[in-house]
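# Observations on the model geometry
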Amino acid sequence: MHFNLSEERKMLKESCDRLLNDHYTQYKNHHEVSRSETGFNKKFWKECSEIGMLSALISPNFNGLGGTGEDIMIVFELIGKHLVVEPFLSSGILSITSLTNSKDIETSVLDEISSASKIYAFGHSEVDTRYDETYIKTKANYKNDAVFLTGQKSFVLNGDFADKLICTARFSGNDFDQNGFGIYEIDKTHCDIRSYNTIDGYRAAELKFSETPAKELCKNSDAYNALLETLYAGAFALSAESIGAMQVCFNMTLEYLKTREQFGKPIGSFQALQHRMVDVMIEIEQAKSAVMLAAGTYKADKDTKYKNISAAKNLVGRAGKLVAEECIQLHGGIAMTWEYNLHNYAKRLVMIDHLMGDSDHHLEKFKLYSNY
Amino acid sequence: MHFNLSEERKMLKESCDRLLNDHYTQYKNHHEVSRSETGFNKKFWKECSEIGMLSALISPNFNGLGGTGEDIMIVFELIGKHLVVEPFLSSGILSITSLTNSKDIETSVLDEISSASKIYAFGHSEVDTRYDETYIKTKANYKNDAVFLTGQKSFVLNGDFADKLICTARFSGNDFDQNGFGIYEIDKTHCDIRSYNTIDGYRAAELKFSETPAKELCKNSDAYNALLETLYAGAFALSAESIGAMQVCFNMTLEYLKTREQFGKPIGSFQALQHRMVDVMIEIEQAKSAVMLAAGTYKADKDTKYKNISAAKNLVGRAGKLVAEECIQLHGGIAMTWEYNLHNYAKRLVMIDHLMGDSDHHLEKFKLYSNY
Amino acid sequence: MDFNFTQDENEFRQEIKDWLSENLSQRISNKVKKFQRLDKNDYEEFMKALSAKGWLAVNWPEEHGGTGWSNTQKHIFEEEIVKAGAPRIVPFGLNMLGPVLMEFGNEEQKKYYLPRILNCDDWWAQGYSEPGSGSDLASLKTKAIDNGDHYIVNGQKTWTTLGQFANKIFCLVKTDTDCKPQNGISFLLIDIDSPGIEVRPIITLDGEHEVNEVWLKDVKVSKENLLGEENKGWTYAKYLLTHERTGIAGVPNSKSAINHLKVIARKTYKNGKPLIQDPLFSSQIAELEIDLKAMEIFNLRAISSAESGKAPVMESSLLKIKGSIIRQKTSDLLRKAIGPQALPYISEQFDEGWNQETIGPEYAGPLAKQYFIYRKISIYGGSNEIQKNIVAKSEFRM
Amino acid sequence: MDFNFTQDENEFRQEIKDWLSENLSQRISNKVKKFQRLDKNDYEEFMKALSAKGWLAVNWPEEHGGTGWSNTQKHIFEEEIVKAGAPRIVPFGLNMLGPVLMEFGNEEQKKYYLPRILNCDDWWAQGYSEPGSGSDLASLKTKAIDNGDHYIVNGQKTWTTLGQFANKIFCLVKTDTDCKPQNGISFLLIDIDSPGIEVRPIITLDGEHEVNEVWLKDVKVSKENLLGEENKGWTYAKYLLTHERTGIAGVPNSKSAINHLKVIARKTYKNGKPLIQDPLFSSQIAELEIDLKAMEIFNLRAISSAESGKAPVMESSLLKIKGSIIRQKTSDLLRKAIGPQALPYISEQFDEGWNQETIGPEYAGPLAKQYFIYRKISIYGGSNEIQKNIVAKSEFRM
């Protein structure tokens, strides 16, 4: 048993960190990038692909160079550390996972993604879905050999600038059925797209379809399984991302406590604040540990895998909120300003809890997979 | 609107406090009293009655001198302050409430209780009842004009030295039915009694009956209503008792923080401890306020009454645990010794949560009565 | 002990309600309820109406044009204006400067300034905090140098709420640096359009402009504008800070926020059932509601004890702490309730008259933003940590 | 990163299991599982069996008769003995004094004392804490006065765990009072039956006798029994405290406690359903279980980093804090689970061989008692507050 990264992975981590560091100078421009017309930086995205950050997310079975829990953890911790707005989650994790869990997928499709020549988005959440896994109202209408989608996906990360959209739609059963839905691919050009920014400075879109021609990727139990794999892959990647952001918050706060003076001494010399910093530190270490456990069992049987990812997402949700709230409070007024970078990390930490199931949702899932 | 006690009640409070103070010198002997053969102090009990502490719990309609929420609050805060083991709760609140909510009750019975010439106990909880209000397995068997009880009541406060026992038993329906049970009076001599001490130094008993002759006090919806009134009266009195005990814990801890030195200064000068004391202080004030609200609406419509008592019992449960745990922790080692009196208060605070519904139970009841 | 409002108090409440329903414009209360941005006119429209009715200076004695209301009446009034969705009554002139002027100002100052506050002629800003001294007033650096009949003021103030609308600012300045810091502070009343003053916006983490920095460079301030005595400003500043804090717990705001939360939890579904029926989520709401009910009584106890003449200093600090926790937890549950609907941020939604379709229900729009900005509640006006220090010092005597 | 135990480690675990099933008597493990009082023989029976097998001195190097095991092996061993319901290995001689002797003792002392610890000939007690110095060792007052070839010791030690069974005690004493407190401390090895020593019981809040006061009055201690150099005791004391803290989180104990909790929550009914299906209660268990799973990995990370030579000082403190919180929360849920069944306290239930009927299920008996006594976990061995101070000082450098 050991917890060290292999030499190879250390190198991956270092080269990615360097690239991200250069690009996101002072980590200050993620709002600008995501508010730009394109919504992401194409050149940078290409560079990420070139140093292997995308193929690190794909298993060798599909022509990738990674795809293990550890690879995903490394990449997404860095994404959290640098507040990267490029579509790693939507194209790199959600779309790739749903594609690789579909039938007869061609490796060339994945190559397009990993080479950054195509961007995919994944649409599942509808306006009322909240975190219900199979609450799908978008309709799939089969006519002869073709299928057409009608409905609305409200919270599609990077859904505006993606080339292709993968989404869930229902062809039978009631709105909650685990059966009777499929995963489909549709072309961006066939959707009514409304683009918006999220409160934490990322990019998403609401997509409307009306009898839009689609391509079936899988359906029924295959679709259910692929959907679960996708949602859990997303929850796992977000958990790792959260760790990166927590660490930045902690470091910024520690630095501030050492330099900011009140009543003639650094505020970090006040015992009440020190003790709260230790509480924060403990929860960050706990969250890290939970993510490591999920990473280590990412290829295990599904019950174990899902249980540990739900544990991680639950803990990361709780810890992320604690870190966000305590780091703001320990800073005081300056943390309330737009100018000071902390709020961007705090927002990301909290909003991660709004994606792919919040801490309450994953607590229930943990119970489910632990046979409570 | 005002929160002051009337002159009359101030006098009641002061005279009771004086009596209890004299008796429970240094508040150190409640274990001895409850471990004595009688289980309580007869002389003291008589004195309590003489200064009106018992009739303060009974409404003028039944020949008492009080019985309002405020009266009960005043008496039970003092009981908590002095860790009184005499049967105020069992005889003074639970039995009186169940009797006054029964049909055709004679005032003379209540006079016997308030004059301390008879002690009643109330038995509802069976071994598996937990806090379920109507989970009753003890059987009532009606034969001609008579009724006989068979079963077991496991957690009867002061059930060993009481003269009479009032208890619930079921004559029809399933174990959980709100109908089909009654409240009965039986004679102590007809029970198999096993006496024991509780972890917090009080006295209770397990009672077994087998075709024991009983007297019906009420049944069906009357019994259900009387039972709810009784359980809520108990929950309210315990909430007030908790406030008295919390205040003692807080004062002891504050005193200790001021006098105990470590690293060359009083430990109370450490900011981290000060801040935690403030947190404790806030929750005590909150708990007091919730109990006052419940006292003020003790005669209101049942939904309002029960909602506010459940709110108080929930908050007192949470606050009591916080006070118990924090006061021990802030003391350190000395609080772990039998010799130092704090543990008796801490134990009482925590065990109050095990009587008449814990904080989770009352949270659910609060939701019920608030139409969630 | 008596929990009921008197007949008179109930009638008083009805009078407030009736007046509000006629005099608070639908336009403004709509903006407030939708968390839209208020401009100077919005505030002034409502305050002028109150002023005309004689209800603006809630905390002032009648001799100065105040209401002379009891604390209970003030509490009722506050509850009703929050319920009605009124904008808040801007407190800097009315509740901060006003009482200090009455206590320590000279006759001319009182005669000149008090009516102007009452008539909304002046909009005062607060010049207390400085970049280096958040909670530590004694360390302030803005200096006023005696220059005959006037001072020359140099320095910087910050966290000046709504300073962009102000024409006046009251400032704590150092007039003596050779003594204990507390002894060298004076209290100046300054025109904000004096040459050398610049008000610069601070954009807060929600992207909004409500607070400001105020830069003072060689600003000439006549000695007539000194409040009270030179170097006694510390006393006035403390008087201002401890005066009138009955509303500090924010009970009416939390009440309406929890109601809002329950409405949303009824409209939001989880596993096919309203979220309010979800055992875990509803328990979080219920616990909060219990805490709030208790705090409401705690607050009334403090009000009632103030009524009988005791200054509720310790209670104010405890209520400020608990009040901030409850407001923040409510905003936390609000954002949690709506799940992914918390994600979209459409800044235009918070402009008056915006009527496009939202992503998700309209109520979802402000909730995440609100959660983040409400972090300030435990920071401003003396952070919760400072409040705890105050209580420890005054109550524990440690 | 690799989470799997190696083949060797798995075999090692099996070997431990097998040995325990044959060598740990049913009688003792029953007492442990029922939380009954252990006497000196119970401890020694198990420890002597381990000693005979060569497994007693888990943390000692092989040259001194230790196992020479890796940290991972120690961790596995610890897990298995907890699972099996073994009494704890009394640590005062083995894990506290032993390492200090090896590092700082002279040859004679090592030759004499180490084998006696290994063979359970000596039962050591710890003489660190004093009534006035809980967490503040520098302030201790027990004095040793130089009297030629021996010292005369006077003072009082407290919190001496299982001191009633000990025949030896190691004590920190002041040998110089004219210097900085830390510089005047010496480390003495003392026979507990020396004239002038009295061991008095401290009854803890659960009514049990596990800790003691040790009074020393004019106790003669030969200078041969000085460990290391005079006035260097502070160094040895710190060495002792920081040495070997991998088990500090109590992971195996919490694991078996949570399993116990889940078993009880399956047997206990609420509204006609097993309590483990109650959404609120099961969520509290699940959150705790998630925390524990995370802490187990955190603990393994610390062990693995210690394996590669880094002293996990900061991790030890964090694990001690979190470990105590998890154990205490588990004991809290255990008492909550059983409702009124937590009330009865029958002291005789905790004596060996007691077989009367209980009030409520047998497992209910110890749960409230355990909850109260487990408050000590966040107090002893350096309270959580002291741990936080240590982390702040060492990691934050503040």
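In this text, all values refer to a predicted model and were calculated from it rather than measured experimentally.

### Let's talk about the overall build of chain C
- When helices and strands are counted, chain C shows 12 helices and 11 strands.
- Radius of gyration (C-alpha) of chain C: 22 Å, near the 21 Å computed for a compact globule of 398 residues.
- In terms of overall dimensions, chain C has a C-alpha envelope of 75 × 50 × 50 Å along the principal axes.
- For chain C, with 398 residues in total, the buried portion stands at 58%.
- For chain C, long-range pairs separated by at least 24 residues make up 72% of all intrachain contacts whose partners lie at least 6 apart in sequence.
- About 16000 Å² of surface is accessible on chain C, with carbon and sulfur atoms providing 47% of the total.
- Distance between charge centres in chain C, computed from 50 positive and 54 negative side chains, equals 6 Å.

### Topic: the domain arrangement of chain C
All names here are of chain C.
- When its domains are assigned, chain C resolves into domain 1 (7–89), domain 2 (124–231) and domain 3 (251–396).
- The distance between the C-alpha centroids of domain 1 and domain 2 comes to 30 Å.
- Facing 6 residues of domain 1, the contacting portion of domain 2 comprises 5 residues.
- Summing both sides of the interface, domain 1 and domain 2 together bury roughly 450 Å²; the carbon and sulfur share of this comes to 49%.
- Linking domain 1 with domain 2 are 1 salt bridge.
- The partner of Arg37 in a salt bridge is Glu208, and the shortest N-O contact between them spans 2.6 Å.

### Some words on the nonpolar core
- Residues A:Phe76, A:Phe88, A:Leu149, B:Phe76, B:Phe88 and B:Leu149 are the most contacted members of the largest nonpolar core, which totals 386 residues.
- With residues near it in sequence (within four places) discarded, A:Phe76 still touches A:Leu57, A:Phe88, A:Leu89, A:Ile93, A:Ala237, A:Ala240 and A:Glu241.

### Let's talk about the packing of aromatic side chains
- All chains considered together, the criterion is met by 60 aromatic pairs over all chains.
- The interplanar angle of 35° and the centroid separation of 4.9 Å between the aromatic rings of A:Phe236 and A:Tyr298 together place this pair among those described as tilted. Linking A:Phe236 in helix α7 (residues 220–259) with A:Tyr298 in the loop between α8 (271–296) and α9 (302–331), this pair joins segments that are 62 residues apart in sequence. Across this residue pair, the class does not change: A:Phe236 and A:Tyr298 are buried.
- With a centroid separation of 5.5 Å and 65° between ring planes, the pair formed by C:Tyr113 and C:Trp124 is classed as edge-to-face. Taken together, the residues C:Tyr113 in helix α6 (residues 107–118) and C:Trp124 in strand β1 (residues 124–127) connect sequence positions 11 residues apart. Residue C:Tyr113 shares its accessibility class with C:Trp124, and that shared class is buried.
- Counting every residue linked through ring pairs, the aromatic cluster contains C:Phe104, C:Tyr112, C:Tyr113, C:Trp124, C:Tyr128, C:Phe170, C:Phe187, C:Tyr236 and C:Tyr239.
- In this structure, A:Lys305 is placed above the aromatic ring of A:Tyr298, and the distance from its NZ or CZ to the ring centre is 4.3 Å.
- It is C:Arg335 that lies over the ring of C:Tyr371; its NZ or CZ is 4.7 Å from the centre.

### Looking at the packing of helix α4 (residues 69–82) of chain A against helix α5 (residues 88–100) of chain A
All names here are of chain A.
- Relative to each other, α4 and α5 sit at 165°, their axes nearing to 12 Å. Judged on the interaxial angle alone, α5 and α4 are roughly antiparallel. Crossing geometry of α4 relative to α5 is assigned as left-handed. Residues Ile72, Val75, Phe76 and Ile79 of α4 form the contact with α5, whose own contacting residues are Phe88, Leu89 and Ile93.
- Its residues assigned to classes, the contact of α4 with α5 comprises 7 nonpolar, no polar and no charged.

### Digging into the interface of chain A and chain C
- Taken residue by residue, the interface counts 48 residues in chain A and 53 residues in chain C.
- When chain A packs against chain C, close to 4200 Å² is buried across both sides, 58% of that on carbon and sulfur atoms.
- A per-residue breakdown of the area chain A buries against chain C is headed by A:Arg130, A:Gln329 and A:Met336, which together make up 18% of the total.
- Taken together, the links from chain A to chain C amount to 6 salt bridges.

### Some points on the confidence of the model for chain C
- Overall, the prediction assigns chain C a mean pLDDT of 93, with 97% of residues at 70 or greater.
- Reported for the predicted complex are a pTM of 0.96 and an ipTM of 0.96.

Parameters and conventions
- Residues numbered from 1 in each chain as written.
- Chains lettered and ligands numbered in written order.
- Predicted model: local features only at pLDDT ≥ 70, side-chain atom pairs only at ≥ 80, totals over all residues.
- Heavy atoms only, no water.
- Helix = DSSP H or I, 4+ residues; strand = E, 2+ residues; numbered from the N terminus.
- Rg over C-alpha atoms; globule rule 2.2 N^0.38 Å.
- Buried < 20%, exposed > 50% of the residue type's maximum accessible area, 1.4 Å probe, protein only.
- Contact = heavy atoms within 4.5 Å.
- Areas by Shrake-Rupley, 256 points an atom, 1.4 Å probe, with all protein chains shown as cover.
- Lys, Arg positive; Asp, Glu negative; His and termini not counted.
- Charge placed at Lys NZ, Arg CZ, Asp CG, Glu CD.
- Domains from an automatic or database assignment.
- Buried area = accessible area lost by both parts, 1.4 Å probe.
- Salt bridge = Lys/Arg side-chain N within 4 Å of Asp/Glu carboxyl O.
- Core = buried A, V, L, I, M, F, W, Y, C linked by side-chain atoms within 4.5 Å.
- Phe/Tyr/Trp six-rings, centres within 6.5 Å; stacked < 30°, edge-to-face > 60°.
- Lys NZ or Arg CZ within 6 Å of the ring centre and 35° of its normal.
- Axes fitted to C-alpha atoms, helices over the stretch in contact; angles between N-to-C directions.
- Parallel < 35°, antiparallel > 145°, perpendicular 65-115°, else oblique.
- Left-handed = near helix turned anticlockwise from the far one by under 90°.
- Nonpolar A, V, L, I, M, F, W, Y, C, P; charged D, E, K, R; others polar.
- pLDDT = per-residue confidence, 0-100.

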